Amino acid sequence: MSAEASVGSHAADSAQSAVSQPACLHTDEHRNQGLLGSKYIKLNVGGSLHYTTIQTLSKEDSLLRSMCNGETDVTIDSEGWVVLDRSGRHFELVLNFLRDGSVPLPEDHRELDEVLKEAQYYRVQGLVQHCLGVMQDVFESVCRIPMITSAKEEQRMIATCRKPVVKLQNNRGNNKYSYTSNSDDNLLKNIELFDKLVLRFNGRVLFVKDVLGDEICCWSFYGEGRKIAEVCCTSIVYATEKKQTKVEFPEARIFEETLNILIYENNRGSGPGGLHLLDSRGSGSSLGAGQSEEEGAVGGDRRVRRIHVRRHIMHDERGHGQQTVYKD
């Protein structure tokens, strides 16, 4: 090939490149100007069709705004719909948030997580923060039962907690005697009642399940950092010269003390009035069958109501062949 032919060919290629490049630039410019120049926009999000305005999509510095101002490439079909390869299930919620600045979120945790994922994809930070805030509230409302590992940790938590505290001390491993025939069932009933109270009063009372200490099944009720009442559910009985542990289930009294401790919720029982209301409660209350009440001085004139089941001492008087029952 001659030098003249080579120069001619190079000139032809340059001319063709010069013609095609402006055409490509014109196409992009036309596409971007089409979004910016329009007041309304049609969106096809995974087959879900939405009709909105450029102003709505541009309210936040998000992926949708960058699509409108040409910073992000978009795909437009032959009918003028902007196609987004995402699920359209929650896109209406994203649009409503952009329109109103707030939107009710689904209560289901899985759906809420899906909305969060969509908000993060579209970079709508306001909706992202809204979802995270609701999820944090849901997380805090979940029942959490602290497991105490030391007496100091327990005292510190009770002293610093702003809510009333109900503690169930459940140290079955400390028992050196066998149980009576009903003790296992009653112990289980106490644990089940604890779980029911947790579900019913969650968020208003702090429930603690403790495996330390000497008591096998003992309820303690705290308000403003001090113990208000105690319900001990165990006693030692003697049958045919054998010691056994008896576990009672004073459900009514436990529930009553739990309701009584709500006086301390949000420090509403603080001050002499609240303390007097609780401390004077024991003198006028009626005890169920098989229960006794003691009061021990704590901190001057403040007293702790200690409720114990009556202890039954049984032994077999072999000389007479009859069984005698003594009650203390």
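Residues numbered from 1 in each chain as written. Predicted model: local features only at pLDDT ≥ 70, side-chain atom pairs only at ≥ 80, totals over all residues. Heavy atoms only, no water.

What to know about the confidence of the model for the protein chain
A low pLDDT score tells you not to read the predicted coordinates there in detail.
Phase 1: Averaged over every residue, the pLDDT of the protein chain is 74; the share at 70 or more is 65%.
Phase 2: Confidence over residues 297–301 falls short of pLDDT 50; this stretch has 4 contacts with residues more than four positions distant or in other chains.
Phase 3: Here residues 310–328 is a poorly scored stretch, pLDDT under 50, and it has 32 contacts once near neighbours within four places are set aside; other chains count. (pLDDT = per-residue confidence, 0-100. Contact = heavy atoms within 4.5 Å.)

Regarding the sheet that holds strand 11 (residues 242–247)
Phase 1: Spatially, 3 strands are ordered 6-11-10 in an open sheet, and the strand pairing comes out mixed. Two strands close off the open sheet at either side, each with one partner strand: strand 6 (178–179) and strand 10 (234–239).
Phase 2: Contacts between helix 8 (residues 183–200) and the sheet are confined to strand 6 and strand 11, with strand 11 contributing the most and set at about 30° to the helix. (Pairing = 2+ DSSP bridges. Helix = DSSP H or I, 4+ residues; strand = E, 2+ residues; numbered from the N terminus. Axes fitted to C-alpha atoms, helices over the stretch in contact; angles between N-to-C directions.)

Notes on the nonpolar core
Phase 1: Of all hydrophobic cores here, the largest spans 30 residues; its most connected members are Leu57, Leu64, Phe91, Leu105, Tyr122 and Leu127.
Phase 2: Looking at this core, the elements with two or more residues in it are strand 1 (40–45), helix 2 (54–57), helix 3 (63–68), strand 4 (82–84), helix 4 (91–100), helix 5 (109–122) and helix 6 (125–140).
Phase 3: For this core, the leading source of residues is helix 4, giving 6 residues.
Phase 4: Apart from the residues within four sequence positions on either side, phenylalanine 91 is in contact with Leu43, Val45, His50, Leu64, Leu84 and Tyr122.
Phase 5: Formed by 25 residues, the second largest nonpolar core is a distinct cluster that contains Phe194, Val205, Trp219 and Ala229. (Core = buried A, V, L, I, M, F, W, Y, C linked by side-chain atoms within 4.5 Å. Buried < 20%, exposed > 50% of the residue type's maximum accessible area, 1.4 Å probe, protein only.)

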